[in-house]
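Structural characterization, general
The chain contents come next:
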Amino acid sequence: MAGIEPQPGIMDIALYVGGKSSVDGVSNVIKLSSNENPFGPSPAAQDAVRRVVHEIHRYPSTDHAELRTAIAEVHGLQSSRIICGVGSDEVLQFLAQAYAGPGDEVIHTEHGFAMYAILAQSVGATPVEVAERERVVCVDTILAACSDRTKLVFIANPNNPTGTMIGLAEIERLADNLPPQAILVLDGAYADYVEGYDGGARLVESRQNVIMTRTFSKLYGLGGMRVGWGYGPQYIIDVLTRIRQPFNLSSVALKAAEAAIRDTAHVEKSREENTRWRAWLAEALAEHGVPSDASTANFVLARFGSPDEAGACDTFLQSQGILVRRVTGYKLPAALRITVGDEASCRRVAHCIGLFKAGAR
Ligand SMILES: *Cc1c(COP(=O)(O)O)cnc(C)c1O
């Protein structure tokens, strides 16, 4: 419409494309395209949802106190410094809204999560893409790209879709050398899969310029519920809380997440199975001539000889009822991202890739 225009940047956004969830004419697909927990949600979370159903005529909590307490207890954090969002995507959105605008720069890495650039553009800021080194985030390159306009630096650690991560000393070096007006956002969507890694929580506590985000969508098996959270310095949390809608999380989502995080048995089992089958899958693929970087998350980035080969393999897998993720949009056209499923799914996808490689198409 002439005269009616959206804010600058919005129409430049390329729409987010999610993982496929169906194939025409194939029933019983194996979905390995969205990094979901193959064991589903915790039984305790399912019970909590059933119990709260009778109360959904009531408005939910506005301060999320019970969920924040549960998160704080389980992770050993201060509950006042936690903010909950509709997925961690919403916490990332609060950060963009509160800290970036026209003329500001938002740094993300070459193979980083697609939402970072989308969020920067949604607030009129300029996304700045920084190269990685052999599919690993490079602190020096990020620091070299910083300017007095840099407001946010988004890093996923472990990264999606590469599965690689950088160590705490490198993250510290990044945080300590950022320009004074910039915030380091550590996206910990996959931190739960790394034994002994706190996602950067201690770093948050010892710095004023670091915030960590986490999610219930991956290890906790609640992707459909849309719950995530952030942990940051109090002055940043106080800012984000002002732009958060008071009823952003439903009572159903709040209860499910609280039960899920307290169900440590389900969490442990999911993590252990993932570690075990991730190693098995990577090795099986390697035996078929398909290499991958050592993954620290719940997926493997399988590398093929060319974009054509990756595309042909994806097509073959779909014909076998297996959905994986093409990552051309992440500048990895010759790779396929494969979620680590349960044992049967891992065996099936490895078997089919073996058939493909053997030329049995
Ligand atoms: C899945 C994912 C998220 C989580 O998104 P939610 O909004 O919490 O579902 C965040 N960052 C990365 C890198 C992811 O892969």
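Residues numbered from 1 in each chain as written. Predicted model: local features only at pLDDT ≥ 70, side-chain atom pairs only at ≥ 80, totals over all residues. Heavy atoms only, no water.

Per the secondary structure count, the protein chain includes twelve helices and twelve strands. Against the compact-globule benchmark of 21 Å for 361 residues, the protein chain has a radius of gyration of 21 Å, which places it among compact chains. Along the longest, intermediate and shortest principal axes, the C-alpha atoms of the protein chain span 60 × 50 × 50 Å. Sorting the 361 residues of the protein chain into buried and exposed places 53% on the buried side. Considering only contacts within the protein chain whose residues lie at least 6 apart along the sequence, 75% involve residues at least 24 apart. Total accessible area on the protein chain is roughly 15700 Å²; 52% of this is exposed by carbon and sulfur atoms. Averaging the coordinates of the 34 positive side-chain charges in the protein chain and doing the same for the 41 negative ones gives two points 3 Å apart. (Helix = DSSP H or I, 4+ residues; strand = E, 2+ residues; numbered from the N terminus. Rg over C-alpha atoms; globule rule 2.2 N^0.38 Å. Buried < 20%, exposed > 50% of the residue type's maximum accessible area, 1.4 Å probe, protein only. Contact = heavy atoms within 4.5 Å. Areas by Shrake-Rupley, 256 points an atom, 1.4 Å probe, with all protein chains shown as cover. Lys, Arg positive; Asp, Glu negative; His and termini not counted. Charge placed at Lys NZ, Arg CZ, Asp CG, Glu CD.)

The next subject is the site of the ligand. Taken together, 13 residues surround the ligand, and among them Ser 88, Asp 187, Thr 215, Ser 217 and Lys 218 come closest. Between the ligand and the protein, one listed contact pairs an oxygen atom with a side-chain N or O atom of Asn 160 at 2.7 Å. At 2.7 Å, a side-chain N or O of Tyr 190 approaches an oxygen atom of the ligand. At three residues, the largest contribution of residues to the shell around the ligand is made by helix 3 (residues 87–99). Among the residues forming the shell around the ligand, the class breakdown is four nonpolar, five polar and four charged. (Near = heavy atom within 4 Å. Polar contact = N/O pair within 3.5 Å; in protein donor to acceptor, adjacent residues only side chain to side chain. Nonpolar A, V, L, I, M, F, W, Y, C, P; charged D, E, K, R; others polar.)

Here the focus is the nonpolar core. Core analysis: the largest hydrophobic core is formed by 56 residues, its most contacted members being Leu 184, Phe 216 and Trp 229. In terms of residues, this core owes the most to one element, helix 9 (residues 251–262), which gives seven residues. Two domains each provide a minimum of three residues to this core, namely domain 1 (10–40 + 265–357) and domain 2 (43–263). In contact with Leu 184, not counting residues within four places along its chain, are Val 153, Ile 155, Ile 171, Leu 174, Ala 175, Leu 178, Asn 209, Val 210 and Ile 211. (Core = buried A, V, L, I, M, F, W, Y, C linked by side-chain atoms within 4.5 Å. Domains from an automatic or database assignment.)

In this section: the UniProt feature "modified residue: N6-(pyridoxal phosphate)lysine" (unreviewed entry) in the protein chain. Taking the UniProt record as the reference, the feature "modified residue: N6-(pyridoxal phosphate)lysine" (unreviewed entry) is found at Lys 218. Note on placement: Lys 218 falls in the loop between strand 7 (210–215) and strand 8 (228–231). We classify Lys 218 as buried; its relative accessible area is 16%. Non-local contacts of Lys 218, meaning those with residues more than four positions away in its chain, are made with Ser 34, Asn 35, Asn 37, Ala 189, Tyr 190 and Tyr 193. Here the side chain of Lys 218 touches Tyr 190 through a polar contact of 3.1 Å, side chain to side chain. (UniProt positions renumbered as here; feature names shortened; annotations may be inferred.)

Once that is clear, we can look at the pattern of salt bridges. Overall, the coordinates contain 18 salt bridges when judged by the stated rule. For Arg 271, the salt bridge goes to Glu 268, with nearest N and O atoms at 2.9 Å. A residue pair is termed a helical-turn pair when its members lie 3 or 4 positions apart in one helix, as Arg 271 and Glu 268 do in helix 10 (residues 264–287) at three residues. Residue classification places Arg 271 among the buried residues on the basis of a relative accessible area of 13%. What makes Glu 268 partly exposed here is its relative accessible area of 34%. Through salt bridges with shared partners, one network takes in Arg 135, Asp 293 and Arg 303. (Salt bridge = Lys/Arg side-chain N within 4 Å of Asp/Glu carboxyl O.)

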